[in-house]
Structure formats: C-alpha cells, structure tokens
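A look at the structure
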Amino acid sequence: MTESGPAARAAADPANREPLVVLSGVNKHFGDLHVLQDIDLTIHRGEVVIVIGPSGSGKSTLCRTINRLETYESGSITIDGKELPSEGRELARLRADVGMVFQSFNLFAHKTILENVTLGPVKVRKQKPEAARKRALELLERVGVAHQAEKYPAQLSGGQQQRVAIARALAMDPKVMLFDEPTSALDPEMINEVLDVMTDLAREGMTMVVVTHEMGFARKAANRVVFMSDGQVVEEAEPETFFTAPTSARAKDFLSKILTH
C-alpha cells in the first residue's frame, strides 16, 4: 500500500505548495487556562497534517478555532488568503469552505441519510435539489453507505454514521477537511472502516487536519505530524522521523507511553 503513503504523495507534491490554512500567534484561554499559546502553524494545499498529543494539550481546541467554532483572543487565522471573520455572513461563507467531522457524528436525527447530505449544498451553496441529490448519492457510494440513503441515523452503526458525516462534509466541496477525533466514539471494529475512507481522501489529495489517537493511521496517511502539549506546538516532523526519532522530551515520553501497549 505504499502508493498511498506520505512518501509517495510527497514525491508527487512539490515542496513549495501554497499555504492554505495559516495560524499566526493564536492565543485562546478558557478562564485561567491558556489552552492555545502563540500557535504558529501553516497547512499547505493537499497536505495531511495529523495533530497528536496528551489529553488536554489543546488539539481539539486548535481544530475548532480553524473554523471559529471556538473563538480566540489574539493572532490571526487565514484560509486561502482570507482572514477568518468573527461573525456574520462572511464567516458562514468561509465556514462552507471548511468541512468538519466531529467525534459524535452530529447528524440530524429527524432527517434521512440522503437529506443530511443534501441539506448544506441546497441551503448554503444554493445547489438545485436534483443536482445535490445526485452528488450526495455519489458521495454515499464512495463512503460505502449508498444503500442506506433512505434510512435515519439511528438505524445505522456508529461507523456508518461517521462515514455519512464525512460524505456530508465533502458535499460542500470544502477546501480543507477538519477531523476532530473522528474514531474515538466508535467501537474498535468500526474504526478501520472510517480510517479507510480517510486514507482514500488523503491519497486523492484532500487537505486535511486530523486530531486523532490512531498512530497507525498517522504513520500511513500524514505528510506531517504536529505534536502538542500544554497548549503549545512542541514538535512537528514527517511521520517516520517523529515516530522513530522525536527530539523533545515531552514527545519521547508521550510515545513511550502509547507505543508500548
């Protein structure tokens, strides 16, 4: 499966890819807790960046600030050269370019799978319902749940629901996809079916920021691993370098705890 590995994709991708998401000096507090401390991070077009680190390190908060689900006090975030507005229509427009897949699926329980996927394109992108439906069925086929299109979320397994959530995000034709611990609410046997869809997306060149505990996936799909601890980006490197020769004491300690089990 080397053709999907980061090395193969890096070889096809010139090093001077253009920046797509740029965080500069971003700070965020929850009360007295300084959860993001002067974060500088650039994600390039077509790059897969995996964010890992201990619980409470700021990973999910970082992911959620990229589309302003969390506000931040200082610094700037730009997406495709445009600064993230704080509210209003401009924010809604920019958010439409940023797909988000959550830990808990967040599907609309009272709508069918097909309706869940077509809602955004029709309401936000103003697509014609028939075109949105055709595209939604293609995406549901792509993630392996087209046969469930007329069912409701509660009738699907967790793994199927998460694959629908990925299809729903893709239906908006986003420039970047954010995944906030997308497999942590799933039973072990369902994790791979979601990671396989994500690996395919990575192979196809989707720009992705993934917060995850799945180290095998990080090794296989990432162009770059970003290690966070105590609200800071402590280290970033290509996966093989990071997993075999981390430079910081905190990363070494983290890896020694998780890779021995």
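Residues numbered from 1 in each chain as written. Predicted model: local features only at pLDDT ≥ 70, side-chain atom pairs only at ≥ 80, totals over all residues. Heavy atoms only, no water.

Our focus in this paragraph is the pattern of salt bridges. Scanning the entire structure with this criterion turns up 17 salt bridges. Taking the shortest distance from any N to any O, the salt bridge between Lys-28 and Glu-70 comes out at 3.6 Å. On the criterion of sequence distance, the pair formed by Lys-28 in strand β1 (residues 19-30) and Glu-70 in the loop between α2 (59-65) and β4 (74-79) is long-range, its members being 42 residues apart. A relative accessible area of 6% places Lys-28 in the buried class. In this structure Glu-70 comes out as buried when scored by relative accessible area, which is 17%. A salt bridge links Lys-257 to Asp-253; its shortest N-O distance comes to 3.0 Å. Of this pair, Lys-257 and Asp-253 both sit in helix α10 (residues 249-258), four residues apart, which is roughly one turn of that helix. According to the relative accessible area criterion, Asp-253 is partly exposed, its value standing at 39%. Residues joined in a network through salt bridges with shared partners are Glu-18, Arg-45, Asp-80, Asp-97, Arg-125 and Lys-175. (Salt bridge = Lys/Arg side-chain N within 4 Å of Asp/Glu carboxyl O. Helix = DSSP H or I, 4+ residues; strand = E, 2+ residues; numbered from the N terminus. Buried < 20%, exposed > 50% of the residue type's maximum accessible area, 1.4 Å probe, protein only.)

Another point: the packing of aromatic side chains. For the coordinates displayed, the defined rule picks out three aromatic pairs. Centroid distance Phe-242 to Phe-243: 5.3 Å. Interplanar angle 80 degrees. Geometry classified as edge-to-face. Relative accessible area serves as the criterion here: at 0%, Phe-242 is assigned to the buried category. Three or more aromatic residues joined by ring pairs make a cluster, and in this case those are Phe-227, Phe-242, Phe-243 and Phe-254. (Phe/Tyr/Trp six-rings, centres within 6.5 Å; stacked < 30°, edge-to-face > 60°.)

We now examine the nonpolar core. In this structure, Leu-140, Ile-166, Met-177, Phe-179, Met-198, Met-208 and Phe-242 are the most contacted members of the largest nonpolar core, which totals 50 residues. Ranked by residue count, the leading element in this core is helix α7 (residues 188-203), at eight residues. Discounting residues that sit within four places of it in the chain, Met-198 has contacts with Ile-166, Phe-179, Pro-182, Met-208, Val-210 and Phe-217. Residues Cys-63, Ile-77, Ile-79 and Leu-91 belong to the second largest nonpolar core, which totals 28 residues. (Core = buried A, V, L, I, M, F, W, Y, C linked by side-chain atoms within 4.5 Å. Contact = heavy atoms within 4.5 Å.)

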